[in-house]
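Summary of the model geometry
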Amino acid sequence: MSVFTLSQAEREKHLLPQLAELTAHHRENSEGYERILSSLGIARDASFASIADLPWLPVRMFKTHDLRSIPESEIFKTLTSSGTTGAGASRIYLDKDAAGAQTKQLGATLQEVLGGERLPMLMVDTIGIIKNRRSFSARGAGVLGMANFGRKHTYVLDENDQPDVEAVKTFLATYGDKPFLIFGFTFMVWQYLYEVAREHELDLSNGILIHSGGWKKLIDRAVDNTEFRRRFKEDTGLTRIHNYYGMIEQIGTVFLEGPSGNSLYCPDFADVVIRNPETWEEQPVGEPGVIEVVSTLPRSYPGHVLLTEDLGVYNGIDDGDWPGKHFSVMGRLPKAEARGCSDTFQGAAA
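The sections below set out a description of the structure shown in this document. What you see is a predicted model, and the numbers here were worked out from it, not measured in a lab. (Residues numbered from 1 in each chain as written. Predicted model: local features only at pLDDT ≥ 70, side-chain atom pairs only at ≥ 80, totals over all residues. Heavy atoms only, no water.)

This paragraph deals with the overall build of the protein. Regarding its fold elements, the protein presents 10 helices and 15 strands. Taking all 350 residues of the protein together, the buried fraction comes to 55%. A sequence separation of at least 24 residues applies to 69% of the contacts in the protein between residues at least 6 apart. Of the roughly 15,500 Å² of accessible surface on the protein, 49% is carried by carbon and sulfur atoms. (Helix = DSSP H or I, 4+ residues; strand = E, 2+ residues; numbered from the N terminus. Buried < 20%, exposed > 50% of the residue type's maximum accessible area, 1.4 Å probe, protein only. Contact = heavy atoms within 4.5 Å. Areas by Shrake-Rupley, 256 points an atom, 1.4 Å probe, with all protein chains shown as cover.)

This part takes up the side chain of lysine 325. Tracing the chain through its elements places lysine 325 in strand E15 (residues 325-332). At a separation of 2.8 Å, a polar atom in the side chain of lysine 325 contacts the main-chain carbonyl oxygen of valine 272. Among the polar contacts made by the side chain of lysine 325, one reaches the side chain of glutamate 282 at a distance of 3.0 Å. (Polar contact = N/O pair within 3.5 Å; in protein donor to acceptor, adjacent residues only side chain to side chain.)

This part is about the side chain of aspartate 310. By secondary structure assignment, the location of aspartate 310 is in strand E14 (residues 305-317). The buried category is assigned to aspartate 310, whose relative accessible area is 8%. Reaching out from aspartate 310, the side chain makes a polar contact with the side chain of tyrosine 245 at a distance of 2.7 Å. Among residues more than four places away in sequence, those in contact with aspartate 310 are Tyr245, Gly289, Val290, Ile291, Val329, Gly331, Arg332 and Leu333.

Our next topic: unusual backbone geometry. Backbone geometry at lysine 152 places phi at a positive 50 degrees, although glycine is not the residue there. As for its position among the elements, lysine 152 is in strand E6 (residues 150-155). Of note in this structure, tryptophan 280 is not a glycine but carries a positive phi near 65 degrees. Tracing the chain through its elements places tryptophan 280 in the loop between strand E12 (270-275) and strand E13 (289-295).

Take the packing of aromatic side chains next. Here the structure, examined in full by the defined rule, presents 15 aromatic pairs. Ring geometry for tyrosine 245 against phenylalanine 255: centres 6.2 Å apart, planes inclined by 45 degrees, an arrangement best described as tilted. One end of the pair, tyrosine 245, is in strand E9 (residues 240-245); the other, phenylalanine 255, is in strand E10 (residues 255-257), and 10 residues separate them in sequence. The cationic tip of arginine 68 hangs over the ring face of tyrosine 93; the distance from NZ or CZ to the ring centre is 5.8 Å. (Phe/Tyr/Trp six-rings, centres within 6.5 Å; stacked < 30°, edge-to-face > 60°. Lys NZ or Arg CZ within 6 Å of the ring centre and 35° of its normal.)

Structural data, given as structure tokens:
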């Protein structure tokens, strides 16, 4: 069953009551969250006219504060983000229900492009990244989370982080004549799969690539999303390519690139708000702003409405491959601005 079905009006109607209920749930169960909202003057019985009216937390708060809505005894898994320099790492607490829900909804989202069966899978990483099962890095969590959707996993890199060309050739000889799944972080996919496939003339035409993780290193090489797709198609035959946008602070929710490329879409349990960085009002289509991500999944910690440190832009609403808003990520906010977004809150949460 598709999770890309709701028009924007239907999404508002469907998600707003659930998100308002989540806000109340987190106020009730997370002392830190309650303190923040109270100090911002948001009454406990406040009502919200739209998703964009809901109070948001800067994503950076999870680097500086321990925020959870479950007792310590119920913590089933703790996820940590890749901490940016000096900012520490986010800690995200999941109970058993939350861990199950995020896996299920990630699966439902990816099923849109993968179909119902588990496909043989090329992992553009090294098996070493998933060795510690109890506490993962963001990259390890991403790799492990995606591994669930494939079978017969083959890692493209050996233990020394060097491309294992023979392993890839063996995988393609065995499984390459039918659909197979490829997963990796964007820069690694380019460096270790595209460049190796081009050099060795490997045929990836039956592959479905799911990738994520920022373009900064590739922009330095003059490769943007359009060029990435074009070169893969021309040099390896790979055309089914889906970038996604997501973060460990909203684990299980991914915004998936549509089949025609260059736009990210919200699954039915999520939404996005692009805000003007000076007025905080919602931006119209075509006007860049700060990305806020919204999801009904986070129940064990107050991560349901998060202001990111990324810039984005709406490309359209209800006029793309799938219904709802579709958008692009344009890169990180300059450091000072990102800090400014969250400084407003630091006093409140102290």
